[in-house]
Every structure is written in structure tokens, then in C-alpha cells.
Amino acid sequence: MKKYIGLFILFISFFAFSQNENNTYKKRVLENTEVDLISSFYGQDGDNAAVTGGIGTEKLTDVATTITVSIPLNDNDIFTIDATISAYSSASSSNLNPFDASGASRGGDDDDDEHDDRSAKPTAIGPATGSPWVESSGASKSDVWVNGDIGYSHASENRNSIIGANLSFAKEFDYTSIGVGGNFTKLFNEKNTEIGLKANIYMDSWQPVYPTEIKSYKEVNKNLNDGFFEGVDILDQNGAIINKTGSTVWSPFNTTLVENKSRNTYSASISFSQILSKKAQISIFLDVVQQNGWLANPMQRVYFGDRANYYIGNASSIANYTSPKNTDVFQLADDIERLPDTRFKLPIGARFNYYLNEVVSLRTYYRYYYDDWGITSHTANIELPIKISDTYTLYPTYRYYTQTAADYFAPYEELLSTSEFYTSDYDLSEFNANQFGFGVSYTDIFTTRRIWKLGLKSIDLKYSNYKRNTGLTAGIISAGFKFVMD
């Protein structure tokens, strides 16, 4: 892959050199190299963790940084490099193996290790315990997501046509993604009208990880006295220890796991923008998205209401299992989330911006969304930039979102094993959400403030608070800096 990227850059450099042979002056698409740096801190909490079947802590923190470098190759061409690194810590995903600090896995089982050493036996340091409400300390507790994107765009001599292409790569501990895309923009009517076309393909590959109990059950060929389960008591709903060799024992409902490890996404979009007057502009967009492959998350447990419940941990806590008071018992999964292997999405939206006066502008956004899993949603957003000086702007924002539930969603213990597809992921539930934000922007078009060879063009600081009616709350603080390089 590096070889092909190198050839691409070499080709672009040659193209840039040849274009500079034209001595006729015209305004460049981008005068100087620009560097955008955005950093953010995100935190959330809630009680509907998907990894533990729709109940349990959703506490998560994420720190992310994105840097984008836009390089003018000549009057008409721009080369862009975009890189993001995101480091998160998640109480929910840590419970992929809720027993890592005690019991069955204390002999060295790693929930992210695809080739466990089943000969490693647990050592007697106390009973196995776990809870969907208590953060575990296993390998899945935290991870780093990285993404890189390179792009190229070419503008025509009259600036009425722009064509571009991009190549992207992303990596996390359980998947890898490669993407390729292209776009075309055409301006008409003295640049008052704009039509844009865009297409992207993302080819993802799972490196699936599973709930510890399900993965281990397959590894020991259903023997509840071996490997992970050796020496660990399994309890029924009444707290009684079951006979592991008896006729009534725990077992996963479906031991067939991820067979197709690909997940491909194909998207195409068209946008239309029109300047209505000196003060008003409207734009409309339509996206068409098709996904194929394994679209469920193999980390996420489900629990059926028509199957018996089994637990590992403190029998006296079973009665309080769905309460945060439960700190030492964990219910063994019935299955992992299973969803159709295709999904069609259709978002349609519009923006309307209006310049009220020299101080206040109005920016509005609306989107309707439909998919063939049964979800429809509405998003409405309003932003009111207030210019308080030549360099400073305040911008309060509000966003409202509402959606219906997917056909395959049901809460903890309300799914049925007779269904073909099922999930307890509350991102696919019915909910509405409100988000309030406030930001301040500093702009200096003359870049009078400098850091080394970089002129500071703008600074954006913003805070947003997000709340769902399901109980999920989140907040994000972000800071963006734009520099111009001499």
C-alpha cells in the first residue's frame, strides 16, 4: 500500500510541476499550505450497555486529535492529508470479560487473545464474580482508533468544476477498514448555483472478539468442567448451584459465530446549493447507502425472555441483578447480537442560512432518515452566530433528534429465541435526544499571530451537552486551530 501511495504523490508532484509552466496569472484555489488541528474530550454515562445485554454501565471517555494538512500543488490542485487518533476507555466494553479480575479467567485468559492456552488453569484466589454495573480491567477496557485519509482535488481554469478523489484507512482492535472515494462539483449561474456528486466504498474486515463465556464454551467443546469453567460454580435463577453434567445446564443458544468477516459500505450522494439573495442560501442533499456483510457487533450479548437464566457470582445479588447495587454477580449470555446481513439507508436533508444583520446570522439544518431495519428519524439543528467584534464570534446551538426503534430491538430479557434477528443495543431503540452547545470563534484573516512558520488564522472552542430520554448523558469539549504556513 505504501508503494502505491508513493506513486500517487509522485504523479501529483509531476502534475503540479507541469501545470506551473503556464505563466498566465490567476487566483490560486489555495494560496498557502493550511494546517487544521482539532482536539476533543468526550465523556458519557448511562445504564443501557449493549455489551452486557441492554443493562449496565455505559461510562466511556474518549480523547481524540485530528490534523489536516492542505497543500496547494499549483494554481488549480490541492493535496490533503488527514490523520486522526482516538484513545478511549470504556466500562461497557471492559465487560466483554467481566470476570478478568477473579475466578475463571484469573489463570491468564485474555478476552482479546484469539488463541488461548486452555492448559492455563485458574488459581484459587477466591470465587469468580462480575457485574454489568462494575468496570472490569481486561484488555477490552481501552483501545486506540487510528484513521488516515489522503485526498486530491483539481479545479478547472474558470473554477466552475472541481473533481477529487480520496483513499482512507482505519484500524481498531476488532476491525480494519479501507476506503476509496471520488467527488465532482459543478457551479453554474455565476457561481450562485452548485451541484455536487460524491461516491465512497468502505471495505471493512472484522477480527471478531466475543463474550468470554460464549467463546470459552466453544473452546472446551461444551464441557463446563474444563478451561474457563473449571472450578467455577454456575447458579440458576434461584441461586442454587447447578450440576454441570446434568440435563438442565447453561449453554449458548447459538454457537455459530461470525462466519462472514467482511462488512462493506457503498454510498452515493447528490447535493444542490443555491444562493437565493444577498442574505439567504439554501442547500439540499440526498444520500443512498447500502451495507453488506456482518453488520451486528459480536461483542454485544443478548438475553431471551423464554430461556432459563444462569449466573456466576454471589447468589444473594441475583435479586438485584438489574440494579447498580449488584456488584458481584453476572448473567451468562444467551447469544450475541444478530442482525440482517444487508442494510439500506436513505438520509434526505436541507440547510438554510440567513444573514440577519452585521451582528447576527441564522443557520438551520433538517434531516429525515429511513432504513429498511425499521428506523426512521428526524434531526433539527439551529445555530445563531453572534459577531461581537471583527475577530470574535459567539455561536449558541441547539439540536433535537428523535427516532423509532429497529424491528429487531427489545430491552434486556424481552427478546425471544424464536426470532431470526435480535439486539438490545439502545442505539437501535426508540428515543429522542436534546443537545445544547455554545462556542466562541476567533478569526484573524491577516494571521498577525505566529508560531514558528505558522500564522494563526482562527481558533474555535466549543462545548456541547447531550441527553437522551433513555438516560444516556454525554458532554464534549473541542478546540480547533487553523494555521497558514508561509
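Residues numbered from 1 in each chain as written. Predicted model: local features only at pLDDT ≥ 70, side-chain atom pairs only at ≥ 80, totals over all residues. Heavy atoms only, no water.

## A short note on the pattern of salt bridges
Between side chains of opposite charge, pairing is possible as soon as their charged atoms come close. Quick note on the threshold: Salt bridge, as used here: a side-chain nitrogen of Lys or Arg that lies within 4 Å of a carboxyl oxygen of Asp or Glu. Note on conventions: DSSP H or I runs of at least 4 residues are helices, E runs of at least 2 residues are strands, and numbering of each starts at the N terminus. Each residue is placed in one exposure class: buried if its accessible area under a 1.4 Å probe, protein chains only, is under 20% of its type's maximum, exposed if it is over 50%, and partly exposed if it falls in between.
Going through the model one piece at a time under the given rule, you end up with ten salt bridges. Its salt-bridge partner being Asp204, residue Arg263 comes within 3.1 Å of it at the nearest N-O pair. With Arg263 in strand β8 (residues 262-275) and Asp204 in strand β7 (residues 193-206), the pair connects residues that are 59 residues apart, well separated along the chain. Each of the two residues, Arg263 as well as Asp204, counts as buried. When the shortest N-O distance is used, the salt bridge between Glu383 and Arg363 registers 2.8 Å. Taken together, the positions of Glu383 in strand β16 (residues 376-383) and Arg363 in strand β15 (residues 361-371) put the pair 20 residues apart, joining distant regions of the chain. By relative accessible area, which is 42% here, Arg363 ends up partly exposed. Through salt bridges that share partners, Glu34, Asp36, Lys457 and Lys482 make up one connected network.

## Quick notes on a nonpolar patch on the surface
Where we set the bar: Surface patches are drawn from residues lacking salt bridges whose relative accessible area is over 30%; two like charges belong together within 9 Å, two nonpolar side chains (Val, Leu, Ile, Met, Phe, Trp, Tyr) within 5 Å. Accessible surface is estimated by sampling points in the Shrake-Rupley manner with a 1.4 Å probe; for residues, cover comes only from the protein chains shown.
A contiguous nonpolar patch, built from Ile163, Phe184, Phe188, Ile195, Leu197, Ile270, Phe272, Ile284, Leu286, Val288 and Ile348 and spanning about 850 Å² of accessible area, is present on the exposed surface. If you list the elements that add at least two residues to the nonpolar patch, you get β6 (175-188), β7, β8 and β9 (280-293). A per-element tally of the nonpolar patch places β9 first, with three residues.

## Structural notes on the environment of Glu34
Mapping Glu34 onto the fold places it in strand β1 (residues 33-45). Overall, Glu34 belongs to the buried group, its relative accessible area being 14%. Spatially, the C-alpha atom of Glu34 lies 9.9 Å from that of Leu456, the residues being 422 residues apart in sequence.

## What about the nonpolar core?
Definition in use: Residues belong to a common nonpolar core when they are buried Ala, Val, Leu, Ile, Met, Phe, Trp, Tyr or Cys residues joined through side-chain atoms within 4.5 Å. Contacts are assigned to residue pairs with any non-hydrogen atoms lying within 4.5 Å of each other.
In terms of nonpolar packing, the biggest core is built from 24 residues, with Phe229, Ile234, Trp250, Ile312, Tyr321 and Leu332 touching the most fellow members. Listing elements by their share of this core, those giving two or more residues are β11 (311-313) and β12 (329-331). Sequence-distant contacts of Leu332, defined by excluding residues within four places in its chain, comprise Phe99, Glu213, Ile234, Trp250, Tyr303, Tyr310, Tyr311 and Ile312. Core analysis: the next-biggest nonpolar cluster, separate from the first, contains 19 residues, Leu257, Val258, Ala333 and Ile375 among them.

## A word on the side chain of Asp36
Which entries qualify depends on this criterion: Two N or O atoms form a polar contact when they lie within 3.5 Å of each other; inside protein one atom must be a possible hydrogen donor and the other a possible acceptor, and for residues adjacent in sequence the pair counts only when both atoms belong to side chains.
With respect to the helices and strands, Asp36 occurs in strand β1. At a separation of 2.9 Å, a polar atom in the side chain of Asp36 contacts the side chain of Lys482. Contact partners of Asp36, with chain neighbours within four places excluded, come to Thr66, Ile67, Thr68, Phe481 and Lys482.

## Some thoughts on helix α3 (residues 212-219)
Note that an α-helix has 3.6 residues per turn; residues three or four places apart therefore point the same way. Burial runs high along α3: seven of the eight residues are buried. For α3, every residue scored as buried is listed here: Thr212, Glu213, Ile214, Lys215, Ser216, Tyr217 and Glu219. Looking at the buried side of α3, the elements it contacts are β10 (301-302), β12 and β13 (335-336). Trailing α3 by a residue or two, Asn221 shows a phi angle of about 55°, which is positive.

## Re the confidence of the model for the protein
We apply this condition: Residue-level confidence of the predictor, termed pLDDT, takes values from 0 up to 100.
Considering every residue of the protein, the mean pLDDT works out to 89; 88% of them sit at 70 or more. Residue range residues 1-25 is modelled with pLDDT below 50. Its contacts to residues more than four positions away, or to other chains, number 20 contacts. In this model residues 102-125 is a low-confidence stretch, pLDDT under 50, and it forms 53 contacts with partners more than four residues away in sequence or in other chains.

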